[in-house]
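Reading the structure
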Amino acid sequence: MSDCIFCKIIAGEIPSAKIYEDELVYAFLDISPINFGHTLVIPKEHHQSAATIPEETAGRMFRIASRIGILLKRLDEFDAYNLHLADGSAAGQVVMHAHLHVIPRGAEDGFRWNWRQLKYPEGKMMEIAEEISAKLKEKITQ
């Protein structure tokens, strides 16, 4: 896609601090990291949504992201790492090329996710679980 910043990075039109590349994915350091070493893993083929990424590519993205996270823990002595994927602007996606964040974390890094915690009304949790399960079974068997 001609106006996509990540596609331009893959094409070499915009410089990046490349970490990894193969025929399916490209990984590079985020220019505005939460912590140093914060890496983005992206499909080389343009996909705005994670929902359209082929399974092989999505699997490769998560495999590479996990390996990068483990290496960051070992190299920089981080305690942990987050894998984060926002799918759509309502979820916080800013660049409309699907991407997976690998965020190295330290116990005292000062970063906190601002997540709320809702409580399900009586019976609502099982109702939603059954609905999702039925729809998933439909999609998998198609």
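Rules used in this analysis
Residues numbered from 1 in each chain as written. Predicted model: local features only at pLDDT ≥ 70, side-chain atom pairs only at ≥ 80, totals over all residues. Heavy atoms only, no water. Salt bridge = Lys/Arg side-chain N within 4 Å of Asp/Glu carboxyl O. Helix = DSSP H or I, 4+ residues; strand = E, 2+ residues; numbered from the N terminus. Buried < 20%, exposed > 50% of the residue type's maximum accessible area, 1.4 Å probe, protein only. Phe/Tyr/Trp six-rings, centres within 6.5 Å; stacked < 30°, edge-to-face > 60°.

Section: the pattern of salt bridges
Per the stated rule, a full pass over the model turns up 8 salt bridges. For Arg60, the salt bridge goes to Glu23, with nearest N and O atoms at 3.3 Å. In this pair, Arg60 sits in helix H2 (residues 55-76) while Glu23 sits in the loop between strand S1 (18-21) and strand S2 (25-29), placing the two residues 37 residues apart along the sequence. Accessibility expressed as a relative area gives 56% for Glu23, which makes it exposed. Between Arg112 and Asp109 there is a salt bridge, with the nearest N and O atoms lying 3.7 Å from each other. For Asp109, a relative accessible area of 24% translates into the label partly exposed. Linked through salt bridges whose partners overlap, the residues forming this network are Asp22, Glu23, Glu56 and Arg60.

Notes on the packing of aromatic side chains
If you walk through the whole model with that rule in mind, you get 4 aromatic pairs. With a centroid separation of 5.5 Å and an interplanar angle of 80 degrees, the aromatic rings of Phe6 and Phe28 are classed as edge-to-face. A residue pair is termed long-range when its members are at least 10 positions apart, and Phe6 in helix H1 (residues 5-10) and Phe28 in strand S2 qualify at 22 residues. Looking at Phe28, the relative accessible area reads 4%, which means it is buried. Relative to Trp115, the ring of Trp113 lies with its centre 6.2 Å away and its plane at 35 degrees, an arrangement referred to as tilted. Taking relative accessible area as the criterion, Trp115 reaches 68% and is therefore assigned exposed.

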